[in-house]
Amino acid sequence: MSGSVLCLGEALIDFIPVDLPDGPSGKVGAYRPCPGGSSYNVARALGRLGVKTWFGSAVSTDLFGDQLVAALEQSRVRLDFLQRLDAPSTLGFVNLDQAEPAYAFFDEGAADRLCKTMPESDDLSCVGTLHFGSIALIREPAASAYEALFMREAGGARLISFDPNIRASLVRDEQGYRTRMQRLLHHADIIKISGADLDWLYPGIAHEHAARDWLGHRARLVVITHGKEGVSGWTPTAQAHASAIPTNVVDTVGAGDSFMAGLLAGLSDTGFLAPEALEALDETALHTALAYGQTIASATCARRGADSPWRESPRERPS
């Protein structure tokens, strides 16, 4: 069980902008459909890194759903917790004209949004860590079902990993959403959050102050990413920072999800992805996990879309 991960959340098709040749007149803009979704991306990246991984959600029976399932299988992700529903796939269009990707989602009646059936505790005996996050915790009825599973398992035999990965443009009940985020942040074992998301949730609050506050509740590890400024991590007894890795950026789609996967894989590889072991995470081991996450994110940024690297990639783990 220790070291294995079940990722729970949305599965969708990201339409990534590309330029296609248009004869002698130049290029024409188009969109390329790519499998996506925050927890879905984390699952695929973990599978490629050799971590025993499942993905849990509802996926459409349409042609896009088939594409989503095929991409999971190709990335060595297990499908035991996957449901197929006769409902459309969520479609997301990505705008890359700014520093951070912007999204427009079309998900009315979509399969992943309708996902309400969650695994029972007995079904999870093979799982060591549950990972949650992003728009799956905004869109009902799935959001309430995921939150109920999160709270049911918090403090139990499995680690709870959480990346809010906020898409503020989708939030309609802002106060209710902020309350949900605070509740989940106070019950997660591992928290990874971007500096931008933290600033949206808690304007004016120093990042280290927020990290220390979460560590005063249930969190055993808090990681805050800062883009080109690197990433910082805290445990109750240790602190570390890993610099960003210079790379030829194609786009940043899925970079945060790839970092999340690299962080979890780094902890799994070194034996720290378990409740008792995480308590003993020291500065050296924390830095190693953060740096590995940066390596995976950097490699993803050098490719189009959320196309994370394989463990067999020539890019090596930093020492």
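This text gives an overview of the structure that appears in the document. (Residues numbered from 1 in each chain as written. Predicted model: local features only at pLDDT ≥ 70, side-chain atom pairs only at ≥ 80, totals over all residues. Heavy atoms only, no water.)

For helix α1 (residues 38-48), a buried count of eleven out of eleven residues is recorded, marking the element as mostly surrounded by other parts of the structure. Buried within α1 are the following residues: S38, S39, Y40, N41, V42, A43, R44, A45, L46, G47 and R48. Note on α1: the residue one or two positions beyond its end, G50, has a positive phi of about 85°. (Buried < 20%, exposed > 50% of the residue type's maximum accessible area, 1.4 Å probe, protein only. Helix = DSSP H or I, 4+ residues; strand = E, 2+ residues; numbered from the N terminus.)

Core analysis: the largest hydrophobic core is formed by 51 residues, its most contacted members being L6, L130, F132, Y146, F162, W214 and V222. No other element matches helix α3 (residues 142-153), which puts five residues into this core. Excluding its chain neighbours within four sequence positions, the residues that come into contact with L130 are L6, L8, L124, E153, R158, L159, I160 and S161. Within the second largest apolar cluster, 46 residues are counted, among which are L68, L159, L273 and L278. (Core = buried A, V, L, I, M, F, W, Y, C linked by side-chain atoms within 4.5 Å. Contact = heavy atoms within 4.5 Å.)

Our focus in this paragraph is the environment of R212. For R212, the location among the structural elements is in helix α6 (residues 207-215). For R212, a relative accessible area of 37% puts it in the partly exposed group. Through-space distance from the C-alpha of R212 to that of L130 is 23 Å; in sequence the pair is 82 residues apart. Apart from the residues within four sequence positions on either side, R212 is in contact with W234, T235 and Q239.

This part covers the sheet that holds strand β8 (residues 129-133). Ordered by their spatial adjacency, nine strands build an open sheet running β5-β4-β1-β8-β9-β10-β11-β12-β13, and the pairing between neighbours is mixed. At either end of the open sheet lies a strand with only one pairing partner, and these are β5 (82-85) and β13 (239-242). Taken pair by pair, the neighbouring strands of this sheet meet at an average axis angle of 15°, ignoring direction. Relative to strand β9 (residues 159-163), β8 is paired through five bridges, and the arrangement is parallel. Directly across from G133, in β9, lies its bridge partner D163. Along the sheet, helix α9 (residues 283-301) makes contact with β11 (221-225), β12 (231-234) and β13, crossing β13 at roughly 25°. (Pairing = 2+ DSSP bridges. Axes fitted to C-alpha atoms, helices over the stretch in contact; angles between N-to-C directions.)

So, on to the pairing of strand β10 (residues 190-194). Most of β10 sits out of view: five of its five residues are buried. With two bridges joining them, β9 and β10 adopt parallel strand pairing. For F162, the partnering residue across the bridge sits in β10 and is I191. Crossover β9 to β10 through helix α4 (residues 174-185) is right-handed. As paired strands, β10 and β11 are joined by five bridges and run parallel to one another. Residue pairing across strands places S194 opposite T225, the latter belonging to β11. (Right-handed = clockwise from strand over helix to strand, strands pointing away.)

Just distances and angles here, no functional claims.
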